[in-house]
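The chain contents come next:
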Amino acid sequence: MRKIRVLFVAACLSGLALLMTFAVAGATPPPVPERIKAVMVGDRLVDVALSLGVVPEGMSLRLSLWPDKAKVLPVVSQVLGCPNCVVKKRPKAVAEFMKERGITRLIVEKSAKFCLYMKSVNPSHVVPLVKDVPGLTVEYVDFTQGVGPAVAQAAKLFGREERGRKVAADYEAAMRKVEKSLPAQRLGRRVLVLNGMYVRASGKAFVRYEAPGGYSDQYILDPLGCTNVAGELITDTMKVAKGHVSAGRLAGLAKAAPDVIVATGDAFAVQKVLRDAIKADPSLSGVPAVKNGEIYALPFYADSGVLEYPAVFNQWRLALTP
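Residues numbered from 1 in each chain as written. Predicted model: local features only at pLDDT ≥ 70, side-chain atom pairs only at ≥ 80, totals over all residues. Heavy atoms only, no water.

Participant: Kindly report on the side chain of Thr264, identifying the contributing residues and their values.
Facilitator: Mapped onto the secondary structure, Thr264 falls in strand β10 (residues 260–265). Within the structure, Thr264 has its side chain in polar contact with the side chain of Asn195 (distance 3.2 Å). (Helix = DSSP H or I, 4+ residues; strand = E, 2+ residues; numbered from the N terminus. Polar contact = N/O pair within 3.5 Å; in protein donor to acceptor, adjacent residues only side chain to side chain.)

Participant: Could you give me a rundown of the packing of aromatic side chains, with the residues and numbers involved?
Facilitator: Considering all chains together, one arrives at 8 aromatic pairs under this definition. Aromatic side chains Tyr215 and Phe300 sit 6.4 Å apart centroid to centroid with 90° between the ring planes, which places their arrangement in the edge-to-face category. On the criterion of sequence distance, the pair formed by Tyr215 in helix α9 (residues 215–224) and Phe300 in the loop between β11 (295–297) and α13 (309–320) is long-range, its members being 85 residues apart. In this structure Phe300 comes out as buried when scored by relative accessible area, which is 14%. Judged by centre distance (5.4 Å) and plane angle (70°), the rings of Tyr219 and Tyr301 are edge-to-face. Of this pair, Tyr219 sits in helix α9 while Tyr301 is found in the loop between β11 and α13, placing the two residues 82 residues apart along the sequence. Neither residue differs from the other here; Tyr219 and Tyr301 are each classed as buried. One cation-aromatic arrangement involves Arg62 over Phe114; the distance from NZ or CZ to the ring centre is 5.1 Å. (Phe/Tyr/Trp six-rings, centres within 6.5 Å; stacked < 30°, edge-to-face > 60°. Buried < 20%, exposed > 50% of the residue type's maximum accessible area, 1.4 Å probe, protein only. Lys NZ or Arg CZ within 6 Å of the ring centre and 35° of its normal.)

Participant: Please provide a residue-by-residue account of the pairing of β10, values included.
Facilitator: Within β10, 5 of the 6 residues are buried, leaving the element largely enclosed by the surrounding structure. For strand β6 (residues 190–199) and β10, the ladder comprises 6 bridges, and the chain directions are parallel. Bridging across to β10, Val191 finds its partner in Val260. Where β10 lies against β11, 3 bridges are found, and the strand directions are parallel. (Pairing = 2+ DSSP bridges.)

Participant: Describe the environment of Leu52, and please don't skip the residues or the numbers.
Facilitator: Summarising the element assignment, Leu52 is placed in the loop between α2 (43–51) and β2 (54–60). In this structure the C-alpha to C-alpha distance between Leu52 and Glu162, which are 110 residues apart in sequence, comes to 9.6 Å. Residues within four places of Leu52 in sequence aside, it is in contact with Val151, Ala154, Ala155, Phe158, Arg160, Arg163, Gly164 and Val167. (Contact = heavy atoms within 4.5 Å.)

Participant: Any chance you could break down the layout of surface pockets for me, citing the residues and the numbers?
Facilitator: Computed from the structure, the largest pocket encloses a volume of approximately 460 Å³. As for the largest pocket, its lining consists of 18 residues, and the residues nearest its centre are Ser64, Pro67, Asn195, Arg208 and Gly265. Elements with a contribution of two residues or more to the lining of the largest pocket: α3 (67–70), β6 and β10. At 3 residues, the largest contribution of residues to the lining of the largest pocket is made by β10. Across the lining of the largest pocket, the residue classes tally to 9 nonpolar, 6 polar and 3 charged. Quantified by volume, the second largest pocket comes out at close to 350 Å³. (1 Å grid on protein atoms, 1.4 Å probe; cavity = no way out; pocket = protein on both sides within 12 Å on 5 of 7 lines; lining within 4 Å. Points joined across faces, edges and corners; volume = space filled by probe spheres on them. Nonpolar A, V, L, I, M, F, W, Y, C, P; charged D, E, K, R; others polar.)

This is how it looks when you write it as structure tokens:
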């Protein structure tokens, strides 16, 4: 049984190594990451650590907003909960884990805006909760001056300076391409972002609108000069939770008349709900996005995998450019 478990973990580490290749466009496949005796707090910190070939024994991050890592990371490292959870709901979790494992090293992400959905959340709020851990050392990786400097800082902490220089250089080069790819004029596309969830046990599909002002707006739609039309569908009585609101059966889709529909999360769920809506109201076939076949499954970006941003942005740009 122990041998099977070891082989399973090794396979997951290998899978994680493959996922790391998407952190920076054009990166060569990295080796299986080294597990270090530390706890890390913060999505961006974990993302950079992975790119440097390092994974901690324990971590606190917004795993629900990072779908491409959500299945792998909990196997190779103990996920203790998101920073909000380990501060407000389970304030003893990090300290108890560190004491149990004999971990004395805490590495914390420093960011100006950690989460758009919960503005009061700050990874540094974990620090006072672990002050009684014997031999405690606290280190910070500062993202307030940009991703490149943060990579260099993390690389120094992990003794991976040479790799850090390459990761930072690749990221900066990719960001320069993003800047050059920005349209001279606004694209002017009307976009509806639908987040899907499919429940296998029941066979039911659910869809949420991504509300204006969220991650897709800030990092993709605004720079491209596109409009999130969900604002025309969300009423005052609808409850917005973590930047999304239930879309029900897509009532009002004809009124919003999006040029493009983007499916994030489970694309099948979005396809299923759309199909059912059109079946119930065939006139929806005339909605521009449906009529012109401009419905795309795209990755959701929540500023967790910061090194993935250039590749994700480029994919959205290609989809939204007429």
